[in-house]
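# A closer look at the structure
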Amino acid sequence: EVQLVESGGVVVQPGGSLRLSCAASGFTFDDYAMHWVRQAPGKGLEWVSLISWDGGSTYYADSVKGRFTISRDNSKNSLYLQMNSLRAEDTALYYCAKDMTYYYGSGSSMPDYWGQGTLVTVSS
Amino acid sequence: DIVMTQTPLSLSVTPGQPASISCKSSQSLLHSDGKTYLYWYLQKPGQSPQLLIYEVSNRFSGVPDRFSGSGSGTDFTLKISRVEAEDVGVYYCMQSIQLWTFGQGTKVEIK
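Residues numbered from 1 in each chain as written. Chains lettered and ligands numbered in written order. Predicted model: local features only at pLDDT ≥ 70, side-chain atom pairs only at ≥ 80, totals over all residues. Heavy atoms only, no water.

## A word on the interface of chain A and chain B
At the junction of the two partners, chain A supplies 26 residues and chain B supplies 20 residues. For the pair chain A and chain B, the summed buried area comes to about 1,800 Å², and 62% of that belongs to carbon and sulfur atoms. Between the two partners, chain A and chain B, sit 0 salt bridges. For the pair chain A and chain B, the number of links is 14 residue pairs in polar contact (both at pLDDT 80 or more). Secondary structure elements with two or more residues in the side of chain A that touches chain B: β4 (34-39), β5 (45-51), β6 (58-60), β9 (92-99) and β10 (111-114) of chain A. (Contact = heavy atoms within 4.5 Å. Buried area = accessible area lost by both parts, 1.4 Å probe. Salt bridge = Lys/Arg side-chain N within 4 Å of Asp/Glu carboxyl O. Polar contact = N/O pair within 3.5 Å; in protein donor to acceptor, adjacent residues only side chain to side chain. Helix = DSSP H or I, 4+ residues; strand = E, 2+ residues; numbered from the N terminus.)

Structural data, given as structure tokens:
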């Protein structure tokens, strides 16, 4: 059974930094690309970032480009999101999600399994 | 950027009756590999999203056959043949031909 467990969400001040983690199990982690997707309170889904199976390719939404960095450690079956220069509009539930492909461009790409999310609140 | 537009934004359905949600993309989602990169998700209350349909019309593992998807190019539809109480939640369409973009969501409730 695929399991994705996010952690690291806290209350942080504007301009602050935070690193989210996602522990994966139940599948061969280094066979798949991984996403971060967020959902502001009461709002819809917003794709944030994707990393290829080997970490060699990364993609970001314009809203986070230059501030967020996605990474992974395949030896630990873990995905990360380093978030810098946080803003109030970054307040959201952050989901980790497995993709169906191993890198973007290798076929039909979609998040197929999702974690339960970790809440990031940016507030003074 | 590709914009995904869903209609309606909310839907109230009598159990056992059909329901239909439309999703339109600002650009064609037909890829050069012949597949169309359009997907449907359901987010039940208090839960994370779950994949229902991939590549327009393929049901994901474990998805009941009352859910069906259709469409091509820029116009797509998700249909529920007979709505059940467990189908309540917010439905999202998503494209992945140009990174990933979700529609605004359609909230489905039971009358």
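Once the structure has been displayed, the description carries forward.
## Observations concerning the sheet that holds strand β1 (residues 3-7) of chain A
Residues and elements named next belong to chain A. Within the open sheet, the 4 strands sit side by side as β1-β3-β8-β7. Their pairing is antiparallel. Only two strands of the sheet have a single neighbouring strand rather than two, namely β1 and β7 (68-73). Mean inter-strand twist for the sheet, computed between neighbouring axes without regard to direction, equals 15°. The sheet contact formed by strand β3 (residues 18-25) and strand β8 (residues 78-83) spans 6 bridges and is antiparallel. Paired with R19 across the two strands is Q82, which belongs to β8. (Pairing = 2+ DSSP bridges. Axes fitted to C-alpha atoms, helices over the stretch in contact; angles between N-to-C directions.)

## As for the layout of surface pockets
Approximately 420 Å³ is the volume attributed to the largest pocket. In terms of lining, the largest pocket is formed by 19 residues, of which the most central are W47(A), A61(A), D1(B), W100(B) and T101(B). Only β5 of chain A together with β10 (101-102) of chain B provide two or more residues apiece to the lining of the largest pocket. Considering every element that reaches the lining of the largest pocket, the biggest residue donor is β5(A), with 3 residues. Split by residue class, the lining of the largest pocket holds 8 nonpolar, 7 polar and 4 charged. Along the wall of the second largest pocket there are 20 residues; nearest its centre are Q39(A), K43(A), Q43(B), V90(B) and Y92(B). Element by element, the count of residues in the lining of the second largest pocket is highest for strand β9 (residues 89-95) of chain B, at 3 residues. Residue classes in the lining of the second largest pocket are distributed as 8 nonpolar, 9 polar and 3 charged. (1 Å grid on protein atoms, 1.4 Å probe; cavity = no way out; pocket = protein on both sides within 12 Å on 5 of 7 lines; lining within 4 Å. Points joined across faces, edges and corners; volume = space filled by probe spheres on them. Nonpolar A, V, L, I, M, F, W, Y, C, P; charged D, E, K, R; others polar.)

## A short note on the state of the cysteines
All names here are of chain A. Taken as a whole, this structure holds 2 disulfides over all chains when the rule is applied. Here C22 connects covalently by a disulfide to C96, the sulfurs 2.0 Å from one another. For the disulfide bridge between C22 and C96, the dihedral angle about the S-S bond is near -60°, and by the sign convention the bridge is left-handed. Of this pair, C22 sits in strand β3 while C96 sits in strand β9, and the two are 74 residues apart along the sequence. Note on C22: relative accessible area 1%, which makes it buried. (Disulfide = S-S within 2.5 Å. Buried < 20%, exposed > 50% of the residue type's maximum accessible area, 1.4 Å probe, protein only.)

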